[in-house]
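Structural description and commentary
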Amino acid sequence: MPYTTEEGGRLNNFASEPKMYEAEPPTAGEKRNYLILGGLGAALVVGLIALTTVIS
């Protein structure tokens, strides 16, 4: 485990850092799925607001 020595002889331990990687951009299919799920979510919210308006 990596550590450094500070003034007065105190040790300061550091956690090991994970390996870094770059995220891949979404594919065309994933983008389509995001749009579909976003549309369904928006329709659900609008439907619930309409339902509460009708009920009240």
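**Describing the overall build of the chain**
Broken down by element type, the chain carries one helix and two strands. Helices and strands appear in the chain in the N-to-C order β-β-α. Here the chain has a C-alpha radius of gyration of 26 Å; the compact-globule value for 56 residues is 10 Å, and the former is much larger. Across its three principal axes, the chain shows a C-alpha extent of roughly 70 × 35 × 15 Å. Relative to its full complement of 56 residues, the chain shows a buried share of 0%.

**Overview of a nonpolar patch on the surface**
A contiguous nonpolar patch, built from Leu44, Leu48, Leu51 and Ile55 and spanning about 420 Å² of accessible area, is present on the exposed surface. Among the structural elements, Leu48 can be located in helix 1 (residues 28–55).

**Let's talk about the confidence of the model for the chain**
Low pLDDT means the predicted atomic positions in that stretch should not be read closely. Per-residue confidence for the chain averages 90 on the pLDDT scale, and 98% of its residues sit at or above 70. In the model of the chain, strand 1 (residues 3–5) stands out as the element of lowest mean pLDDT, 75, in contrast to helix 1, which has the highest, 98.

**What about the environment of Tyr3?**
Within the element layout of this structure, Tyr3 appears in strand 1. With 10 residues separating them in the primary sequence, Tyr3 and Asn13 have C-alpha atoms 4.4 Å apart. Ignoring anything within four residues of it in the chain, the contact list for Tyr3 reads Leu11, Asn12 and Asn13.

Rules behind the numbers
Residues numbered from 1 in each chain as written. Predicted model: local features only at pLDDT ≥ 70, side-chain atom pairs only at ≥ 80, totals over all residues. Heavy atoms only, no water. Helix = DSSP H or I, 4+ residues; strand = E, 2+ residues; numbered from the N terminus. Rg over C-alpha atoms; globule rule 2.2 N^0.38 Å. Buried < 20%, exposed > 50% of the residue type's maximum accessible area, 1.4 Å probe, protein only. Patch = residues over 30% accessible without salt bridge, like charges linked within 9 Å, V, L, I, M, F, W, Y side chains within 5 Å. Areas by Shrake-Rupley, 256 points an atom, 1.4 Å probe, with all protein chains shown as cover. Salt bridge = Lys/Arg side-chain N within 4 Å of Asp/Glu carboxyl O. pLDDT = per-residue confidence, 0-100. Contact = heavy atoms within 4.5 Å.

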